[in-house]
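The primary structure of each chain is shown beneath.
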Amino acid sequence: MSTDGPFTGTWVLWTQALRRDRWLVLGWGVALAVLYWAQAWSVDRLYTSEGELARMAAAMERNDAMIALAGPARALDTVGGQVTWQATAFGAVLLGLVVMVVVTRHTRAEEESGHDDLVRSGVVGRFAPPAAAVLTSVVLCLVSGALVTLSLVTYPLAVADSVALGVGLALCGLCFTGTTLVAAQLVASTRAARGIAGAVVAVAYALRAVGDVSVPALSWLTPIGWYQAMHAFSGLRWWPALLLVAAAGINLALAAALLLRRDIGAGLVASRPGPPRAGRALSGPVGLAWRLQRAGVVGWTVGVGLTGVAYGALGTSVEDLVGDSDLGRDLMAQGGLDLVDGFFATMLVMMALLATGFATSSTLRPRGEEESGLAELVLATPLGRGRWLLSWTLVTLLGTALVMVVGGLGLGLGYAFVSADAGQVVAFVGPQLQYAPGVLLLAALARLVHGVAPRRTALAWGPLVVAVVVMFFGELLGLPRWVRWFSPFDHLPLVPAEDPSLGAAAVVVALALALGASGQLAFQRRDIG
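Definitions and cut-offs
Residues numbered from 1 in each chain as written. Predicted model: local features only at pLDDT ≥ 70, side-chain atom pairs only at ≥ 80, totals over all residues. Heavy atoms only, no water. Helix = DSSP H or I, 4+ residues; strand = E, 2+ residues; numbered from the N terminus. Rg over C-alpha atoms; globule rule 2.2 N^0.38 Å. Buried < 20%, exposed > 50% of the residue type's maximum accessible area, 1.4 Å probe, protein only. Contact = heavy atoms within 4.5 Å. Core = buried A, V, L, I, M, F, W, Y, C linked by side-chain atoms within 4.5 Å. Domains from an automatic or database assignment. Expected span 1.5 Å × (residues − 1). 1 Å grid on protein atoms, 1.4 Å probe; cavity = no way out; pocket = protein on both sides within 12 Å on 5 of 7 lines; lining within 4 Å. Points joined across faces, edges and corners; volume = space filled by probe spheres on them. Phe/Tyr/Trp six-rings, centres within 6.5 Å; stacked < 30°, edge-to-face > 60°. Lys NZ or Arg CZ within 6 Å of the ring centre and 35° of its normal. Axes fitted to C-alpha atoms, helices over the stretch in contact; angles between N-to-C directions. Parallel < 35°, antiparallel > 145°, perpendicular 65-115°, else oblique. Nonpolar A, V, L, I, M, F, W, Y, C, P; charged D, E, K, R; others polar. Left-handed = near helix turned anticlockwise from the far one by under 90°. Polar contact = N/O pair within 3.5 Å; in protein donor to acceptor, adjacent residues only side chain to side chain. Patch = residues over 30% accessible without salt bridge, like charges linked within 9 Å, V, L, I, M, F, W, Y side chains within 5 Å. Areas by Shrake-Rupley, 256 points an atom, 1.4 Å probe, with all protein chains shown as cover. Salt bridge = Lys/Arg side-chain N within 4 Å of Asp/Glu carboxyl O.

**Thoughts on the overall build of the chain**
Working step 1: Scanning the chain for helices and strands turns up 24 helices and 0 strands.
Working step 2: Expected size for 529 residues packed as a compact globule is a radius of gyration near 24 Å; at 24 Å, the chain falls within 12% of this value.
Working step 3: Projected onto its principal axes, the C-alpha coordinates of the chain cover approximately 75 × 60 × 40 Å.
Working step 4: Counting the 529 residues in the chain, one finds 50% classified as buried.
Working step 5: Pairs at least 24 apart in sequence give 76% of the contacts found in the chain among residues at least 6 apart.

**What about unusual backbone geometry?**
Negative phi characterises most residues that are not glycine, and trans characterises most peptide bonds.
Working step 1: The omega torsion across Tyr-155 and Pro-156 is 15 degrees, close enough to zero to call that bond cis.
Working step 2: Within the secondary structure, Pro-156 is located in the loop between helix H7 (128–153) and helix H8 (159–186).
Working step 3: Val-495 connects to Pro-496 through a cis peptide bond whose omega is 10 degrees.
Working step 4: For Pro-496, the location among the structural elements is in the loop between helix H23 (481–484) and helix H24 (502–525).
Working step 5: Phi angles above zero are rare outside glycine, and Ala-75 is one such case at about 50 degrees.
Working step 6: By the secondary structure assignment, Ala-75 is in the loop between helix H3 (64–70) and helix H4 (79–106).
Working step 7: Under the relative-accessibility criterion, Ala-75 is labelled partly exposed at 25%.
Working step 8: The phi torsion at His-231 lies on the positive side, around 55 degrees, for a residue other than glycine.

**Thoughts on the nonpolar core**
Working step 1: Within the largest apolar cluster, 97 residues are counted, with the highest numbers of intra-cluster contacts made by Tyr-36, Tyr-435 and Phe-489.
Working step 2: Looking at this core, the element that brings in the most residues is helix H16 (residues 339–363), giving 14 residues.
Working step 3: Both domain 1 (10–269) and domain 2 (283–528) contribute no fewer than three residues apiece to this core.
Working step 4: For Phe-489, the residues in contact, after removing those within four places along its chain, are Val-349, Ala-352, Leu-353, Thr-356, Tyr-435, Gly-438, Val-439, Leu-442 and Ala-467.

**As for H24**
Working step 1: Taking 1.5 Å of rise per residue, the 24 residues of H24 would be expected to cover 34 Å, and the 34 Å separating its terminal C-alpha atoms lies within 8% of that figure.
Working step 2: Along H24, the residues that are buried comprise Ala-505, Val-508, Ala-512, Leu-515, Gly-519, Gln-520, Ala-522 and Phe-523.

**A few points about the domain arrangement of the chain**
Interfaces are often sized by the amount of accessible area the parts lose when they come together.
Working step 1: Looking at the chain, the domain boundaries give domain 1 (10–269) and domain 2 (283–528).
Working step 2: With centres defined by C-alpha atoms, the gap from domain 1 to domain 2 works out at 26 Å.

**Some details on empty space enclosed by the protein**
Working step 1: Enumeration over the complete set of coordinates arrives at 2 cavities of 30 Å³ or more.
Working step 2: Of the pockets and cavities examined, the largest cavity occupies roughly 70 Å³.
Working step 3: For the largest cavity, the full set of lining residues is Pro-72, Arg-74, Gly-81, Thr-84, Trp-85, Thr-88, Gln-228, His-231, Ala-232 and Ser-234.
Working step 4: It is H4 that contributes the most residues to the lining of the largest cavity, 4 residues altogether.

**Focus: the packing of aromatic side chains**
When we look at a pair of aromatic rings, we describe it by the centre distance and by the angle of the planes.
Working step 1: For the structure shown, the criterion picks out 14 aromatic pairs.
Working step 2: Taken together, a centroid distance of 5.6 Å and an interplanar angle of 15 degrees make the contact between Trp-37 and Trp-41 stacked. Of this pair, Trp-37 and Trp-41 both sit in helix H1 (residues 10–46), separated by 4 residues, roughly a single helical turn.
Working step 3: Between Phe-343 and Phe-344, the ring centres sit 5.4 Å apart and the planes meet at 65 degrees, which makes this aromatic pair edge-to-face. With respect to burial, Phe-343 and Phe-344 carry one shared label: buried.
Working step 4: By way of ring pairs, the aromatic residues Phe-343, Phe-344, Tyr-415 and Phe-428 are connected into one cluster.
Working step 5: When the ring centre of Tyr-205 is taken as reference, the NZ or CZ atom of Arg-208 above it lies at 4.7 Å.
Working step 6: The cationic tip of Arg-385 hangs over the ring face of Phe-523; the distance from NZ or CZ to the ring centre is 5.8 Å.

**Observations concerning the side chain of Arg-447**
Working step 1: Here Arg-447 lies in helix H21 (residues 436–452).
Working step 2: Contacts of Arg-447, omitting those with residues within four sequence positions, involve Thr-363, Pro-366, Leu-389, Thr-393, Gly-516, Gly-519 and Gln-520.

**So, the environment of Gly-96**
Working step 1: Position of Gly-96 relative to the elements: it lies in helix H4.
Working step 2: Each residue touching Gly-96, except ones within four places of it in the same chain, is listed here: Phe-176 and Val-201.

**Overview of the packing of helix H17 (residues 365–372) against helix H19 (residues 385–419)**
Working step 1: Two elements in contact, H17 and H19, have axes whose closest approach is 10 Å; the angle formed by their N-to-C orientations is 135 degrees. The pairing of H17 with H19 is recorded here as oblique in orientation. Packed against H17, whose contacting residues are Arg-365, Pro-366 and Glu-369, the element H19 presents Trp-388, Leu-389 and Trp-392 at the interface.
Working step 2: Classifying every residue of the contact of H17 with H19 by side-chain character gives 4 nonpolar, no polar and 2 charged.

**Re the packing of H21 against H24**
Working step 1: Packing of H21 against H24 leaves a shortest axis separation of 7 Å and a crossing angle of 20 degrees. Comparing their axes, H24 and H21 come out roughly parallel. For the crossing formed where H21 meets H24, the hand is left-handed. Only Ala-505, Val-508, Val-509, Leu-511, Ala-512, Leu-515, Gly-516, Ser-518, Gly-519, Gln-520, Ala-522 and Phe-523 of H24 make contact with H21, whose side of the interface consists of Pro-437, Gly-438, Leu-440, Leu-441, Ala-444, Leu-445, Arg-447, Leu-448, His-450, Gly-451 and Val-452.

**Some words on the side chain of Ser-144**
Working step 1: Inspection of the secondary structure assignment puts Ser-144 in helix H7.
Working step 2: In terms of polar contacts, Ser-144 uses its side chain to reach the backbone carbonyl oxygen of Leu-140, at 2.8 Å.
Working step 3: Sequence-distant contacts of Ser-144, defined by excluding residues within four places in its chain, comprise Trp-28, Gly-29, Leu-32, Leu-95 and Leu-169.

**Brief notes about a nonpolar patch on the surface**
Working step 1: Taken together, the side chains of Trp-23, Leu-26, Val-30 and Val-34 make up a nonpolar region of the molecular surface, amounting to roughly 400 Å² of accessible area.
Working step 2: Under the relative-accessibility criterion, Leu-26 is labelled partly exposed at 41%.

**Notes on the environment of Trp-485**
Working step 1: Locating Trp-485 in the fold gives a position in the loop between H23 and H24.
Working step 2: The class of Trp-485 is exposed, set by a relative accessible area of 55%.
Working step 3: The sequence separation of Trp-485 and Val-470 amounts to 15 residues, and the corresponding C-alpha distance is 9.1 Å.

Structure, rendered in structure tokens:
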């Protein structure tokens, strides 16, 4: 089929992609704006005097774990400095992961499913589909940067520094757009492309963390480091933004050059044929489910474990972190008599929420197999659909347990390091597992949504959002009791600040079993796909 030019059809494909992703773009833009705005709002309410803020800032500037987690400590005795420190690294990582999904969704996934062949059977240029994907990602980055800027300017914080945070975030997103598009040219599968793109984001974050703590030169090798090098609210400078622009341009140019050197539907790196016979581990549905989920299990386990180490390293600085603020004590220590135990109870709930993110994602993973048509191939064998889904559920349960155990070990390891007490390494594993019923209940709700409304699986994330809002904003917003009731973690004792309750855990587990069984039965009674 002849075409008028390499970009013919870009406008049509772009408008279709935007229509498909409009709510994703708007939702993530708002979420990132809330992430930045909430830092300013919470700091203002937690530290009501300059002395309290300065005391906390001094404690954080000495904490290498927090610097590795968030970034270089600059102007932490100001609200703007706190926003920059607490939000920039996480904002860049989140936007990097979202653009990874958007770009691969409109490029590699379309080629893998065969939709790209149908599109290219019309008058469509070779560069049109990837150009439409890049433009959609650009809109996502611009909307996110604009909303972040607007939220900070209207807070109000300094205009120029607020604009710098928004511009830097958008440029970081463009850099990761380019690296994702390069990854989409290298390999033939969407999963592999996302693995490479996600690894680039992870390496960028890790290099910045190591650089900020011990080898400053490494921070200059990553987009996140360039973003933070703009020094918003601590002596703003714009020239590091040029590095982000240059990197984005180079990556996009490289992706275009690679696209010209490969066949549509294939990657530059040829896919390796698998072994003629599957190993013993793949002889059953559980082995297959584990094989397909092991990368996610490992990634979440490492992430939650490192988060636990960072939180644990704050254990000896709780007094400085909380200060004299009553609200800070309520938030960080849940108003408990023992500030340290209350602090660790709060951290354990936060890691339980992270584990819920894994559990929900893992629970919804079979839906992806349905949409790709792979589930039908597996279920065409004598394997029953009930047993097939239970195998995925078993991997979810074991993976969730692993994530929570490693999270508890990480928390203990971090606390043992700063307290010089090796006995603390395993001290938080048991308390962490006390929150497992709440995690399982939210995962069971996700299974129910998957079974009853498979085309509305995005709703399965709603209960987790409610639990996060109750956790972080329940006290600040003065949410009524009936709203907090919807979070299962609000029904569990705050271990180790409170004594475990076998009765409460049993009720939550029973409810999780009932919901999970209902979801399983609903799945077995509906059509696949």
